Amino acid sequence: MLSERRLEVLRAIVQDYVGTEEPVGSKALTERHKLGVSPATVRNDMAVLEEEGYIAQPHTSAGRIPTDKGYRLFVDRLAGVKPLSTPERRAIHNFLDGAVDLDDVVGRTVRLLAQLTRQVAVVQYPSLTRSSIRHVELLSLAPARLMLVLITDTGRVEQRVIDCPAPFGETSLADLRARLNGRVGGRRFADVPQLVQDLPESFEEPEDRATVTTVLATLLETLVEEHEERLMIGGTANLTRFGHDFPLTIRPVLEALEEQVVLLKLLGEVKESGMTVRIGHENAYEGLNSTSVVSVGYGSGGEAVAKLGVVGPTRMDYPGTMGAVRAVARYVGQILAES
């Protein structure tokens, strides 16, 4: 276990290196921070931190820089989440409030996160499998042809055209629409099959029962289809500001960011909805060993339906980035709940 003083020295090294981009020496530390000890004592503390693997000496400099292990300790024990200022919170609210649909919400969220953190922003679309039904709309296209429109609680919309076994009148259509929404409105996808299994029998005419069965089959197929997990990414150009933070070249990072499967793994499982920070070599994908990923779940009603986060160099303002990611996730959740 490191002493409190050595933890303070590590905190000062991380803060200075993130702020100045320069390796940090003991003299500069004692001048910039009220550590209450001499430069010689700080040098001794830095030697212990280096021996323990929390800081390292780049070959070109006499100063020290944090290692992945040093950043990890900083995030776990030393860094609080920096709250956003009132103007920043107002700006987030105003920017996201103007969104007109789910695509617009996701697009605005990506742009906002990239601007706030000056990193690469990644936002996952809400997963259908974790959603509830807000409304099922049924529209008549022809006497024996209907359109089913499924609207989820996250604003996702799915449409299907249904060819019915017999003509289906407007009165029957209105009746089915009302009965269907009465049973499945606000319910989780997983509960729907049981809720509608006896619905066809409640219609008197055999032709109507056949059509209701066809409509329900289409609805259930829509609910269980394996939808490709979708992502939106923005702010990739921000990485060019950090060229010297990537030891060899930025290319492996850019290549990794083009791989949707890699990004989904980076964000992590939706059920792990709390704040996650993966630093350097904690990222399984080799091309991202020089980056950190800060992610969190978002959703309405206290349950996460997807993840969002940022990717940037390990020399990152962790408290500020974590604060921005958390605040944006909360606002997106509120918008989904209200929409």
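Residues numbered from 1 in each chain as written. Predicted model: local features only at pLDDT ≥ 70, side-chain atom pairs only at ≥ 80, totals over all residues. Heavy atoms only, no water.

As recorded in an unreviewed UniProt entry, the chain goes by Heat-inducible transcription repressor HrcA and comes from Streptomyces omiyaensis. Per UniProt, the chain carries the Sequence similarities (unreviewed entry) text "Belongs to the HrcA family." Looking at the Function (unreviewed entry) heading of the UniProt record, one finds this comment for the chain: "Negative regulator of class I heat shock genes (grpE-dnaK-dnaJ and groELS operons). Prevents heat-shock induction of these operons." (UniProt positions renumbered as here; feature names shortened; annotations may be inferred.)

*Asks:* Looking at this structure, I do not really get the overall build of the chain. What am I missing?
*Replies:* If you tally the helices and strands in the chain, you get twelve helices and ten strands. Rg of the C-alpha trace for the chain: 26 Å, well past the compact-globule value of 20 Å for 339 residues, more than 25% over. The dimensions of the chain, computed from C-alpha atoms along their principal axes, are 90 × 35 × 35 Å. Scored against the burial criterion, the 339 residues of the chain give a buried share of 49%. (Helix = DSSP H or I, 4+ residues; strand = E, 2+ residues; numbered from the N terminus. Rg over C-alpha atoms; globule rule 2.2 N^0.38 Å. Buried < 20%, exposed > 50% of the residue type's maximum accessible area, 1.4 Å probe, protein only.)

*Asks:* I keep staring at the sheet that holds strand 6 (residues 157–163) and nothing clicks. Help me out?
*Replies:* If you trace the three strands from one edge of the open sheet to the other, you get 4-5-6, paired in antiparallel fashion. This sheet does not close on itself; its edge strands, each paired only once, are strand 4 (133–142) and strand 6. Averaged over all pairs of adjacent strands, the angle between strand axes in this sheet comes to 20°, irrespective of strand direction. With eight bridges connecting them, strand 4 and strand 5 (residues 145–152) associate as antiparallel partners. (Pairing = 2+ DSSP bridges. Axes fitted to C-alpha atoms, helices over the stretch in contact; angles between N-to-C directions.)

*Asks:* Whenever I open this one, the pairing of strand 9 (residues 291–298) confuses me. Can you help?
*Replies:* Consecutive residues of a regular strand have side chains that alternate between opposite faces of the sheet. Counting buried positions along strand 9 gives eight out of eight residues, so the element sits mostly inside the fold. On strand 9, burial covers both faces: T291, V293, S295 and G297 on one face and S292, V294, V296 and Y298 on the other are all buried. Two strands pair when backbone bridges link them, and strand 8 (residues 276–279) and strand 9 are joined in this way by four bridges, in the antiparallel orientation. Paired with I279 across the bridge in strand 9 is S292.

*Asks:* Teacher, can you tell me more about the packing of helix 4 (residues 68–78) against helix 12 (residues 318–338) here?
*Replies:* Helix-helix packing: each pair is described by the crossing angle between the helix axes and the interaxial distance. Contact geometry of helix 4 with helix 12 gives a least axis separation of 11 Å together with a crossing angle of 55°. When the axes of helix 4 and helix 12 are compared, the pair comes out oblique. For the element pair helix 4 and helix 12, the recorded crossing hand is right-handed. Here Y71, F74 and V75 of helix 4 come into contact with helix 12, specifically with Y318, P319 and M322. (Parallel < 35°, antiparallel > 145°, perpendicular 65-115°, else oblique. Left-handed = near helix turned anticlockwise from the far one by under 90°. Contact = heavy atoms within 4.5 Å.)

*Asks:* How should I be thinking about helix 11 (residues 260–267) in this particular structure?
*Replies:* Residues three or four positions apart in an α-helix share a direction because the helix packs 3.6 residues into each turn. Listing the buried residues of helix 11 in full gives V262, L263, L266 and L267. The buried residues of helix 11 occupy an angular sector of 130° when the element is viewed end-on, so they sit on one face. Helix 11 presents V261 and K265 as exposed residues on the side facing more than 90 degrees away from its buried surface. Against strand 3 (120–124), strand 7 (231–234), helix 10 (251–257), strand 8, strand 9 and strand 10 (306–313) lie the buried residues of helix 11. (Arc of directions from axis to C-beta.)

*Asks:* Any chance you could explain the side chain of S132 here in plain terms?
*Replies:* Relative to the elements of secondary structure, S132 occurs in the loop between strand 3 and strand 4. If we skip the residues at most four places from it in the chain, S132 touches T152, D153, G186, R187, R188 and F189.

*Asks:* Sorry, what's going on with the pattern of salt bridges here?
*Replies:* Pairs can form between side chains of opposite charge once their charged atoms are near each other. Going through the model one piece at a time under the given rule, you end up with 18 salt bridges. The residue E50 makes a salt bridge to R64 at a minimum N-O spacing of 2.7 Å. Of this pair, E50 sits in helix 3 (residues 39–51) while R64 sits in the loop between strand 1 (55–56) and strand 2 (65–66), placing them 14 residues apart in sequence. The partly exposed category is assigned to E50, whose relative accessible area is 27%. (Salt bridge = Lys/Arg side-chain N within 4 Å of Asp/Glu carboxyl O.)

*Asks:* Before we go on, may I ask you to explain unusual backbone geometry in this structure?
*Replies:* Apart from glycine, the bulk of residues carry a negative phi angle, and the bulk of peptide bonds sit in the trans form. Even without a glycine there, the phi angle at E21 is positive, about 65°. Structurally, the position occupied by E21 is in the loop between helix 1 (4–20) and helix 2 (26–32). Positioned with a positive phi, R118 is a non-glycine residue whose angle comes to about 55°. Considering the arrangement of structural elements, one finds R118 in the loop between helix 6 (102–117) and strand 3.

*Asks:* Honestly, the nonpolar core in this entry has me stumped. Any pointers?
*Replies:* In summary, soluble globular proteins display a tendency toward joint burial of nonpolar side chains. Ranked by internal contacts, the top residues of the largest apolar core, which has 58 residues, are L29, Y298, L308 and Y318. Apart from the residues lying within four places of it in its own chain, the contact partners of Y318 are Y71, F74, V75, V277, I279 and S292. The next biggest cluster of nonpolar side chains, apart from the first, holds 23 residues, and it includes L150, L176, F189 and L216. (Core = buried A, V, L, I, M, F, W, Y, C linked by side-chain atoms within 4.5 Å.)

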